[in-house]
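Here is what each chain is made of, one letter per residue.
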Amino acid sequence: MSGTSRDGGAGLSRGLLLLMATATGLAVGGNYLNQPLIDEIARHFSVSVSTAATSVTVAQFAYALGLVLFVPLGDMIDRRKLAVTLFLVSAAGLLTAAVSGSFAVMMIGTAIASLFSVAAQVLVPFASELAAPGRGGAAVGTMMTGLLTGILVARAVSGMLSLVGGWKTAYWVLGALLLVMAATLWKMLPEVPAPETFSLTRVPASMGRAWMRYPKVRSRAIISALLFASVSACFATMTPLLAGPPHHLGPGVIGILGLLGVVGAFAAGPVGRMADRGLGNRTVVLGLVILAAGWASMWFATGSVVMFGIGFILTDLGLQSAHVTNMNVVYAQEPALRSRLNSLYMTMYFIGGSVGSAVAVGLWSRFAWHGVVIAALAFVAAAGIVFALERLADRRPRIASQGRLASCQDVRMSAALASAEMSGWR
């Protein structure tokens, strides 16, 4: 396919954007196939539910590692070739899990699939780059809608497919879909020359400099990591909550309940457009409030599936309101470094998710659901503190500038009064 200029616009038709959003959803969806299937995986391999649940943490840690290893390469080599290669290897990981005869092999397949599923995070900044000026936020919002819908559909469909052919069916189906998508992306994505000559040895140093140079990359990455830690606490423990007493729900129903988060997924587009209009800080505050309200609702989930459903909708909506805005803030810091900044941001994001799921699994065994809720609210509160500190840091230069301006005005006024007095004496 023909190339496009680096200032964007010419290479991103509506159809191509929707294809990229769909591909993003498929790529990252594989990391969430196992969440409604934990009970079945535990029974199949004769391991405890807690042991089977570690597959969630492994998937997230592998994804975070892939963000560090592969996503920065998007600034240095053709993103089309990079994305397609990652899709192919991720598909191989899913198919390895599908043929596994032991829990260890299944975990290896899961780790490979998740490590290379960062193709999703190669495509998101690619879409932002190709978008017309002033439309980057909307493009990112559409990509995030695709990504989040993929996560939600993966959970729901994997649960339903398990009723048809067992838990491995979802792995077979998604592995095949990734192979088809790799071929389609190869045909449809434009070739865009990389802005830099490829040099793997320069990647760590350049990322370190970017982390130190842009304080908003640091603050927004930490905020989103804490918020995703909060939501991941739900992801990691919702199956034992809903499968156990008093709810006793099966994997199909649990997967369908996960579709409630589609409300948050489809909010990503409008949030991106709000960011393009300069309303990003308001959406972050709104996201924090909504997320806290969602967890307050889920406090009562031990006795009510309805309260869980309301809380699940709110937590997903709150997360995406902040996340999409934060991504746009990060990309805007230095457009030529989009892939590396995205790598830094998303690495922190998924490390946060891994920590959240690990903390939740640990708390579940000791304090059950209410311990998870308290930890999740603590993550949200910590994110709010980081955001408040960022806003305070933003105000200090303005206050100092206003102080200097007032001092200059005072000096000029004093000089004018002195001149008037001298004139009067004369």
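Before any of the text, the structure's been laid out above.
Residues numbered from 1 in each chain as written. Predicted model: local features only at pLDDT ≥ 70, side-chain atom pairs only at ≥ 80, totals over all residues. Heavy atoms only, no water.

1. What about the side chain of S206?
Point 1. Along the chain, S206 falls in helix α9 (residues 203-213).
Point 2. According to the relative accessible area criterion, S206 is buried, its value standing at 11%.
Point 3. Polar side-chain contacts of S206 include one of 3.1 Å to the side chain of R340. (Helix = DSSP H or I, 4+ residues; strand = E, 2+ residues; numbered from the N terminus. Buried < 20%, exposed > 50% of the residue type's maximum accessible area, 1.4 Å probe, protein only. Polar contact = N/O pair within 3.5 Å; in protein donor to acceptor, adjacent residues only side chain to side chain.)

2. Observations concerning the packing of helix α4 (residues 79-98) against helix α5 (residues 103-116)
Point 1. In contact at an axis separation of 7 Å, α4 and α5 are set at 165° when each is read in the N-to-C sense. Here α4 is positioned roughly antiparallel relative to α5, judged by the angle of their axes. Crossing of α4 against α5: the hand is left-handed. Facing α4, whose interface residues are L86, V89, S90, G93, L94, T96 and A97, α5 presents V105, M106, G109, T110, I112, A113 and F116.
Point 2. Residues that form the contact of α4 with α5 fall into these classes: 9 nonpolar, 5 polar and no charged. (Axes fitted to C-alpha atoms, helices over the stretch in contact; angles between N-to-C directions. Parallel < 35°, antiparallel > 145°, perpendicular 65-115°, else oblique. Left-handed = near helix turned anticlockwise from the far one by under 90°. Contact = heavy atoms within 4.5 Å. Nonpolar A, V, L, I, M, F, W, Y, C, P; charged D, E, K, R; others polar.)

3. Section: a nonpolar patch on the surface
Point 1. Taken together, the side chains of V153, V157, M160, I256 and L259 define a hydrophobic patch exposed on the protein surface, amounting to about 350 Å² of accessible area.
Point 2. No other element matches helix α7 (residues 136-165), which puts 3 residues into the nonpolar patch.
Point 3. Here L259 is to be found in the loop between α11 (251-258) and α12 (262-276).
Point 4. Classification of L259 by relative accessible area gives partly exposed; the value is 32%. (Patch = residues over 30% accessible without salt bridge, like charges linked within 9 Å, V, L, I, M, F, W, Y side chains within 5 Å. Areas by Shrake-Rupley, 256 points an atom, 1.4 Å probe, with all protein chains shown as cover. Salt bridge = Lys/Arg side-chain N within 4 Å of Asp/Glu carboxyl O.)

4. Describing the packing of aromatic side chains
Point 1. Enumeration over the complete set of coordinates arrives at 12 aromatic pairs.
Point 2. Each ring, one from Y32 and one from F235, has its centre 6.1 Å from the other, and the planes form 85°; the classification is edge-to-face. Of the two residues, Y32 sits in the loop between α1 (14-29) and α2 (38-45) while F235 sits in helix α10 (residues 215-243), which places them 203 residues apart along the sequence.
Point 3. With a centroid separation of 5.6 Å and 90° between ring planes, the pair formed by W167 and Y171 is classed as edge-to-face. The burial state of W167 is the same as that of Y171; both residues are buried.
Point 4. Feature note: the residues Y32, F228, F235, W295, F308, F312, Y345, Y349 and W369 constitute an aromatic cluster, connected by ring pairs. (Phe/Tyr/Trp six-rings, centres within 6.5 Å; stacked < 30°, edge-to-face > 60°.)

5. Notes on empty space enclosed by the protein
Point 1. Applying the stated criterion across every chain, the model contains 2 cavities of 30 Å³ or more.
Point 2. In this model, the largest cavity occupies a volume close to 100 Å³.
Point 3. Around the largest cavity sit 16 residues that line it, and L148, I151, F228, Q320 and Y349 are the ones nearest its centre.
Point 4. Within the residue set of the lining of the largest cavity, elements represented by two or more residues are α7, α10, α14 (305-333) and α15 (338-425).
Point 5. Among the elements that take part in the lining of the largest cavity, α7 stands out by supplying 6 residues, more than any other.
Point 6. Broken down by class, the residue content of the lining of the largest cavity amounts to 12 nonpolar, 2 polar and 2 charged. (1 Å grid on protein atoms, 1.4 Å probe; cavity = no way out; pocket = protein on both sides within 12 Å on 5 of 7 lines; lining within 4 Å. Points joined across faces, edges and corners; volume = space filled by probe spheres on them.)

6. Focus: the nonpolar core
Point 1. In terms of nonpolar packing, the biggest core is built from 125 residues, with F87, L123, F308 and W369 touching the most fellow members.
Point 2. When near neighbours in sequence (up to four residues on either side) are disregarded, W369 contacts C234, T237, L241, W295, M298, W299, A301, T302, F308 and W364. (Core = buried A, V, L, I, M, F, W, Y, C linked by side-chain atoms within 4.5 Å.)

7. A look at the packing of α10 against helix α13 (residues 280-298)
Point 1. Where α10 contacts α13, the two axes come as close as 12 Å, and the packing angle between them is 20°. Between α10 and α13, the interaxial angle falls into the category roughly parallel. The hand of the α10/α13 crossing is left-handed. For the pair α10 and α13, the contacting residues are R220, L227, S230, V231, A233 and C234 in the first and N281, V284, L288, L291, W295 and M298 in the second.

8. Considering the pattern of salt bridges
Point 1. Throughout the structure, instances matching the rule amount to 5 salt bridges.
Point 2. Here E191 ties to R80 by a salt bridge, and the two come within 3.4 Å at their closest N and O atoms. With E191 in the loop between α8 (168-188) and α9 and R80 in helix α4, this residue pair connects regions lying 111 residues apart in the sequence.
Point 3. The class for E191 is partly exposed, based on a relative accessible area of 38%.
Point 4. On the accessibility criterion, R80 (6% relative accessible area) is buried.
Point 5. A salt bridge links R220 to E390; the shortest N-O distance between them is 2.8 Å. With a gap of 170 residues between them, R220 in helix α10 and E390 in helix α15 connect regions that are remote in the sequence. Neither R220 nor E390 differs from the other in exposure class; each is buried.

No statement about biological role is implied by the geometric values presented.
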